[in-house]
Amino acid sequence: IHVFSVLFQECSKNQKNDDMQSTSVDALSSNDGFEEKNEFHTLANAKILLSDCLACDNCMTSEEGARVFQQNQKELFRILNLNKKCDTSKHKVLAVSICPQSLPYFAAKFNLSVNDAAKRLCGFLKSLGVHYVFDTTIAADFSILESQREFVQRYQRRNQEEHALPMFASACPGWIRYAERVLTNLVTSHICTAKSPQQIMGSLVKGYFARQQNLSPDKIFHVIVAPCYDKKLEALREDFYTALYNSQEVDCVLTSGEIVQIMEQKNVSMKDVTEVAVDSLFDEIKEGDVVRHDGKRSDGYLEHIFKHAAKELFGMDVKEITYKALKNKDFQEVTLEKDGETVLRFAAAYGFRNIQNMVLKLKKGKFLYHFVEVLACPGGCLNGKGQAQTEDGKPDKALLNQMEEVYAAIPVRLPETNMHVQKMYQDWLEGMDSKKVQETLHTKYSAVSQTASNLDIKW
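Being a predicted model, the structure only gives us computed values, none of them experimental.

**Student:** Even after reading the chapter, I still don't get the packing of aromatic side chains, so can you show me in this structure?
**Tutor:** For any pair of aromatic rings, the description rests on two quantities: the centre-to-centre distance and the angle between the ring planes. Applying the stated criterion across every chain, the model contains 18 aromatic pairs. Between Tyr132 and Phe209, the ring centres sit 4.9 Å apart and the planes meet at 75 degrees, which makes this aromatic pair edge-to-face. With Tyr132 in strand β4 (residues 132-135) and Phe209 in helix α9 (residues 197-212), the pair connects residues that are 77 residues apart, well separated along the chain. Taking relative accessible area as the criterion, Phe209 reaches 1% and is therefore assigned buried. In textbook terms, an aromatic cluster arises when at least three aromatic residues are bridged by ring pairs, as seen for Phe151, Tyr155, Phe306, Phe314, Phe346 and Phe371. For Arg158, the ring lying beneath its charged end belongs to Tyr155, and the centroid distance is 4.0 Å. Stacked on the ring of Tyr407, the Lys or Arg Arg292 has its end atom at 5.3 Å from the ring centre.

**Student:** When you look at the packing of helix α4 (residues 73-82) against helix α11 (residues 256-265) in this model, what are you seeing that I'm missing?
**Tutor:** Geometry of a packed helix pair, given as the angle between the helix axes and the separation of the axes. Two elements in contact, α4 and α11, have axes separated by 10 Å at closest approach and are oriented at 60 degrees. With respect to each other, α4 and α11 are oriented oblique. Taking contact as the criterion, the partners of Gln73, Leu76 and Phe77 in α4 are, on α11, Glu258, Gln261 and Ile262. Of the residues contributing to the contact of α4 with α11, the split by class is three nonpolar, two polar and one charged.

**Student:** Explanation requested: the sheet that holds β4 in the structure shown.
**Tutor:** In sheet architecture, strand pairing relies on hydrogen bonds along the backbone and comes in two forms, parallel and antiparallel. Taking strand neighbours across the sheet as the criterion, the four strands line up as β4-β3-β6-β9 in an open arrangement whose pairing is parallel. Two strands close off the open sheet at either side, each with one partner strand: β4 and β9 (252-255). Each neighbouring strand pair of the sheet contributes to a mean axis angle of 25 degrees, computed without reference to strand direction. Where strand β6 (residues 220-226) meets β9, four bridges bridge the pair, whose relative direction is parallel. Among the inter-strand pairings, Ile224 is bridged to a residue of β9, identified as Val253.

**Student:** Sorry if this is basic, but what is going on with the sheet that holds strand β12 (residues 341-350) here?
**Tutor:** What the five strands build is an open sheet, ordered β5-β13-β12-β11-β10; its pairing is mixed. A single partner strand is all that each edge strand has here, and the edge strands are β5 (167-168) and β10 (324-328). Here strand β11 (residues 331-338) runs beside β12; their pairing, made up of eight bridges, is antiparallel. Each bridged residue has a counterpart across the sheet, and for Glu333 the counterpart in β12 is Ala347. Packed on one face of the sheet, helix α12 (residues 301-314) meets β5, β11, β12 and β13 (371-375) and runs near 165 degrees to β12.

**Student:** Would you mind going over the side chain of Thr440 with me for this structure?
**Tutor:** As for its position among the elements, Thr440 is in helix α16 (residues 435-441). Not counting chain neighbours up to four residues away, the residues in contact with Thr440 comprise Lys195, Ser203, Trp428 and Leu429.

**Student:** Teacher, can you tell me more about the state of the cysteines here?
**Tutor:** Here, the word disulfide means a covalent bond between the sulfur atoms of two cysteines. Tallied over the entire structure, the rule returns zero disulfides. Take Cys228: it sits in no disulfide, and the sulfur closest to it among the cysteines is that of Cys377, at 5.7 Å. Here Cys228 falls in the buried class, since its relative accessible area comes to 14%. Cysteine Cys381 shares no disulfide, and the gap to the nearest cysteine sulfur, in Cys172, comes to 6.6 Å.

**Student:** Any chance you could explain helix α7 (residues 137-156) here in plain terms?
**Tutor:** Side chains three or four residues apart in an α-helix point the same way, a direct result of the helix having 3.6 residues per turn. End to end, α7 covers 29 Å across 20 residues, agreeing with the expected 28 Å (1.5 Å per residue, within 8%). Extensive coverage of α7 is indicated by the burial of 17 of its 20 residues.

**Student:** Sorry, what's going on with the confidence of the model for the protein here?
**Tutor:** Residues shown with low pLDDT carry predicted positions that ought not to be read at fine detail. Averaged over every residue, the pLDDT of the protein is 83; the share at 70 or more is 83%. Contacts from residues 452-459, a stretch scored under 50 in pLDDT, to residues over four places away or in other chains number 17 contacts.

**Student:** It is not clear to me how helix α15 (residues 419-427) should be interpreted in this structure. Could you clarify?
**Tutor:** Taken as a whole, α15 has its buried residues at Val421, Met424 and Tyr425. Along the axis of α15, the buried residues cluster in a sector spanning 105 degrees; they form a single face. Exposed residues on α15 whose side chains face more than 90 degrees from its buried face are Met419, Lys423 and Gln426. The secondary structure elements touched by the buried residues of α15 are α7, α9 and α16. A side-chain oxygen of the first residue of α15 lies 3.0 Å from the backbone nitrogen of His420; this N-cap is Asn418.

**Student:** How should the nonpolar core be read in this particular structure?
**Tutor:** Generally speaking, a soluble globular protein has its nonpolar side chains buried in company with each other. Within the largest apolar cluster, 51 residues are counted, with the highest numbers of intra-cluster contacts made by Phe151, Phe168, Trp175 and Met358. Sorting the residues of this core by element identifies α7, β5, α8 (173-183), α12, β11, β12, α13 (352-363) and β13 as the ones contributing at least two each. Other than its neighbours up to four places away in sequence, Phe151 contacts Leu165, Met167, Ile305, Ala309, Leu313, Leu344, Phe346, His370 and Phe371. Grouped together as the second largest cluster of nonpolar side chains are 44 residues, Ile79, Leu103, Phe124 and Val133 included.

**Student:** How do you make sense of a positive patch on the surface when you look at a structure like this?
**Tutor:** There is a patch of like positive charges on the surface, built from Lys327, Lys361, Lys364 and Lys366. Classification of Lys366 as exposed rests on a relative accessible area of 58%.

**Student:** How should the pattern of salt bridges be read in this particular structure?
**Tutor:** What the rule picks out here adds up to 19 salt bridges. Across the pair Arg237 and Glu180 runs a salt bridge, and its minimum N-O distance is 2.9 Å. With Arg237 in the loop between α10 (230-234) and β7 (241-242) and Glu180 in helix α8, this residue pair connects regions lying 57 residues apart in the sequence. Judged by relative accessible area, which is 17%, Arg237 ranks as buried.

About the thresholds
- Residues numbered from 1 in each chain as written.
- Predicted model: local features only at pLDDT ≥ 70, side-chain atom pairs only at ≥ 80, totals over all residues.
- Heavy atoms only, no water.
- Phe/Tyr/Trp six-rings, centres within 6.5 Å; stacked < 30°, edge-to-face > 60°.
- Helix = DSSP H or I, 4+ residues; strand = E, 2+ residues; numbered from the N terminus.
- Buried < 20%, exposed > 50% of the residue type's maximum accessible area, 1.4 Å probe, protein only.
- Lys NZ or Arg CZ within 6 Å of the ring centre and 35° of its normal.
- Axes fitted to C-alpha atoms, helices over the stretch in contact; angles between N-to-C directions.
- Parallel < 35°, antiparallel > 145°, perpendicular 65-115°, else oblique.
- Contact = heavy atoms within 4.5 Å.
- Nonpolar A, V, L, I, M, F, W, Y, C, P; charged D, E, K, R; others polar.
- Pairing = 2+ DSSP bridges.
- Disulfide = S-S within 2.5 Å.
- Expected span 1.5 Å × (residues − 1).
- pLDDT = per-residue confidence, 0-100.
- Arc of directions from axis to C-beta.
- Polar contact = N/O pair within 3.5 Å; in protein donor to acceptor, adjacent residues only side chain to side chain.
- Core = buried A, V, L, I, M, F, W, Y, C linked by side-chain atoms within 4.5 Å.
- Patch = residues over 30% accessible without salt bridge, like charges linked within 9 Å, V, L, I, M, F, W, Y side chains within 5 Å.
- Areas by Shrake-Rupley, 256 points an atom, 1.4 Å probe, with all protein chains shown as cover.
- Salt bridge = Lys/Arg side-chain N within 4 Å of Asp/Glu carboxyl O.
- Lys, Arg positive; Asp, Glu negative; His and termini not counted.
- Charge placed at Lys NZ, Arg CZ, Asp CG, Glu CD.

In structure tokens form, the structure reads like this:
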């Protein structure tokens, strides 16, 4: 389940919103300068329709809907074509950042190693005219480190502050949207304030990298390649917009599947593309082999925060984590015992069936967990609907199994061991406890008034 889907047929429950929801890419791009014929004019004109909402028929404003629809392949090619014109004052530096959970999709789909997939994807994007291709793992490093620190602080304040615990993960935009629009104050104060890896990557590219390159942030067009469509909506949040530069941290989100569509339109196979090393945010060096964080199908917030909290709060060095499956494989818990007492109780809740059960327990005051890693997609981020679906919209289980094997085989790197991150804390963010860290790596989540007159909640 996700906030919206790429669909070719409208959902019957949304007929009353036909005018807004059936707005197509064509209608919205009629004045974007793309009408001229060019080498990209054969791109598919898929409609993006809001027919799979989490909780209500009308959780997006028409303005949000219009801006979401514009995040498509044509917007990328509009910038590419702009850069081919003589008026250099309008040129943009085009940077693409790739999520770690997208790489296994390309590796499994094209039968490549994950390192080969990263380099060939980089080569393909640069053949289109992209200037820089980045890996967002470093952004996840920052997000995990900030989440770890926040959990420890919340735990220490748990007896003084009513909403200190439980703490919910903040990396999944489908979950965040649902929490803000439907659950409101019941959970928003419990959500970790650390930005998601996508939006921290936006800060790194439009902030740190722009400064390194002596560029104004609005001169960079920043694209994210992600597993799910909800990331498009996340990029539009007002708190991720810099008025001074009239610039979003992330300008456009394309799913892994949309990148493959571009390859198909250009009749290009990943195996035929020249390998090019992925760029680094630091000087002229290139990225090495692909690494990941602990966690089976996500960036591993639960595992990293659990181990960090065990060490910081109880002096216990946890090497391996044992998951206990509860009602189903997508709801699991992890506990830490000391002197016969359970001192930490964490959970992973994936998919809205489990999120619903979690919220019901919270409402009844029977919530036992200190931290929950919440993800909207059953199976986690690898199962994002932007990459793990068949042509008829059903989960591609065989491909997903391959992706999980590929992801599990990627070496794990602890965020604490990334020397670039430590250096940036000091040189760019003015120390780990600085005001700039709060401004750059954190945000606020709060209740949003409903845009619909009634809720049509269907679980």
